[in-house]
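Residue-level listing of the chains:
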Amino acid sequence: MRAVVTGGTAGLGRYIAEGFLQAGAQVVCGARGEGQSGELVKRYGEFVHYHPADVREPASVDGLMTEAADRFGGVDIVVANAGITRNGTVRRLSPEHWRDVMSTNVDGVFHTVQAALPHLERGGGGTILTLSSAMTGRIAPGASAYVASKAAVEAFTRCCAVEFAGRRVRVNCLSPGILTVGMGAAVCADERLRAAYWPRLLAGRAGTPQEAVNAAVFLVSPAASYVNGQVVQVDGGLL
Ligand SMILES: NC(=O)c1ccc[n+]([C@@H]2O[C@H](COP(=O)([O-])OP(=O)(O)OC[C@H]3O[C@@H](n4cnc5c(N)ncnc54)[C@H](OP(=O)(O)O)[C@@H]3O)[C@@H](O)[C@H]2O)c1
């Protein structure tokens, strides 16, 4: 299996990339900076490669997919994981921050999927995983840009599943809750946020990256052949 993970250089994406490597896949991690990809290269050698990519730029993501296809002979799995957040209430959020979030989280997923499709089709099909967040269903003040962007990703995922079904490409969305890595680490470190969220978590704790990776590995695998167009919550029962 040949996989591309955007944002595979840090946070959750880095763990998803490692989960795929452990499952025997070859992985290209795309992001603007190398981040922690060097550690993966040290551990997994030529099975993993970093390629610079900015998901806000269609040509940049095209280059990422072409690099992966040239290097490993094709692309079977694409994870549109790269994402950012900018906090601020609707009253105070700057238009620039709103645009930052939308251009990365929404435009970026569109560019990634559009660039991936010809490569997946060329190999006879494949699977795409997008990333949402439990925040889309459990609204907290100050996260409107992020929540709106992820709601768009969920709807876009279902649109893609419908359009690509005849092309043997499955498209699902993983929706984690608060994880101990990446942007979730800031929530874990904030006493006020912990006091707000922890009592609402059936698990009583934040999720480990591995708990999200387990679902990601399943969703892109043949074991999930009958799962399509779904948003899968891995949120420790955040009610
Ligand atoms: N961690 C959590 O608790 C959690 C919970 C729910 C959902 N999620 C979702 O999981 C995904 C990963 O989040 P994370 O927490 O792992 O974030 P993170 O630690 O901040 O990592 C984000 C990754 O995306 C890359 N990235 C950002 N902007 C990019 C751009 N324009 N082009 C290419 N790559 C870009 C970053 O690398 P560069 O900056 O070098 O480009 C980095 O590799 C996001 O979609 C997020 O919404 C995370």
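Residues numbered from 1 in each chain as written. Predicted model: local features only at pLDDT ≥ 70, side-chain atom pairs only at ≥ 80, totals over all residues. Heavy atoms only, no water.

S.K.: Help me understand the overall build of the protein, please; the structure alone is not making it clear to me.
M.R.: From N to C terminus, the protein includes eight helices and seven strands. At 17 Å, the protein has a C-alpha radius of gyration in line with the 18 Å of a compact globule built from 239 residues. When the backbone C-alpha atoms are referred to their principal axes, the protein occupies close to 50 × 35 × 35 Å. By the burial criterion, 51% of the 239 residues in the protein qualify as buried. Of the contacts made within the protein by residues no fewer than 6 positions apart, 67% connect residues no fewer than 24 positions apart. (Helix = DSSP H or I, 4+ residues; strand = E, 2+ residues; numbered from the N terminus. Rg over C-alpha atoms; globule rule 2.2 N^0.38 Å. Buried < 20%, exposed > 50% of the residue type's maximum accessible area, 1.4 Å probe, protein only. Contact = heavy atoms within 4.5 Å.)

S.K.: Can you help me understand the pairing of strand β4 (residues 77–80) in this one?
M.R.: Moving residue by residue along a regular strand, the side chains alternate between the two faces of the sheet. Alternating positions in β4 separate into two faces, I77 and V79 on one and V78 and A80 on the other, with burial throughout. Examined bridge by bridge, strand β1 (residues 2–6) and β4 share three bridges and lie parallel to one another. When the bridges of β4 are listed, A3 appears paired with I77. Examined bridge by bridge, β4 and strand β5 (residues 126–131) share four bridges and lie parallel to one another. Residue pairing in the sheet places V79 in a bridge with L129 of β5. (Pairing = 2+ DSSP bridges.)

S.K.: Whenever I open this one, the site of the ligand confuses me. Can you help?
M.R.: Around the ligand, the structure places 29 residues, and the nearest of them are T9, L12, R32, Y146 and M183. One of the backbone N or O atoms of L179 is found 3.0 Å from an oxygen atom in the ligand. Across the complex, the protein chains shield 88% of the 890 Å² of accessible surface that the ligand would expose by itself. When atom positions are compared with the pocket grids, the ligand is found to occupy the largest pocket. Counting only elements with at least two residues in the shell around the ligand, the list comes to α1 (11–22), α5 (144–164) and α6 (183–189). Looking at the shell around the ligand residue by residue, the class counts come to 13 nonpolar, twelve polar and four charged. (Near = heavy atom within 4 Å. Polar contact = N/O pair within 3.5 Å; in protein donor to acceptor, adjacent residues only side chain to side chain. Areas by Shrake-Rupley, 256 points an atom, 1.4 Å probe, with all protein chains shown as cover. 1 Å grid on protein atoms, 1.4 Å probe; cavity = no way out; pocket = protein on both sides within 12 Å on 5 of 7 lines; lining within 4 Å. Sits in = over half its atoms within 2 Å of the grid points. Nonpolar A, V, L, I, M, F, W, Y, C, P; charged D, E, K, R; others polar.)

S.K.: Would you explain the sheet that holds strand β7 (residues 231–234) in this entry?
M.R.: If you trace the seven strands from one edge of the open sheet to the other, you get β3-β2-β1-β4-β5-β6-β7, paired in parallel fashion. The sheet is open, and its two borders are formed by β3 (48–52) and β7, each paired with just one other strand. Across the sheet, the mean angle from the axis of one strand to that of its neighbour is 20 degrees, orientation sign disregarded. Here four bridges tie strand β6 (residues 169–176) to β7, and the two strands are oriented parallel to one another. Bridging across to β7, L174 finds its partner in V232. Here helix α4 (residues 95–122) sits on the sheet in contact with β1, β4, β5 and β6, set at roughly 175 degrees to β4. (Axes fitted to C-alpha atoms, helices over the stretch in contact; angles between N-to-C directions.)

S.K.: Got a minute to help me understand the side chain of N172 in this structure?
M.R.: With respect to the secondary-structure elements, N172 resides in strand β6. Within the structure, N172 has its side chain in polar contact with the backbone nitrogen of G229 (distance 3.1 Å). Residue contacts for N172: discarding those within four places in its chain leaves I128, L129, T130, T157, L219, V227, N228, G229 and Q230.

S.K.: Help me out: how do you make sense of the layout of surface pockets in this one?
M.R.: If a probe as big as a water molecule is rolled over the atoms, it shows which places are left empty. Considering only enclosed or pocket space, the largest pocket measures out at about 1200 Å³ in volume. As for the largest pocket, its lining consists of 46 residues, and the residues nearest its centre are T85, Y146, G182, M183 and G184. Secondary structure elements with two or more residues in the lining of the largest pocket: α1, α5, α6 and α7 (191–197). Looking at the lining of the largest pocket residue by residue, the classes come out as 25 nonpolar, 16 polar and five charged. (Points joined across faces, edges and corners; volume = space filled by probe spheres on them.)

S.K.: Would you explain unusual backbone geometry in this entry?
M.R.: One can expect most non-glycine residues to show negative phi and most peptide bonds to be in trans. Its identity as a non-glycine residue notwithstanding, R168 has a phi of 60 degrees, on the positive side. Take R168: it is sitting in the loop between α5 and β6. Under the relative-accessibility criterion, R168 is labelled exposed at 66%.

Taken by themselves, the reported measurements are silent on function.
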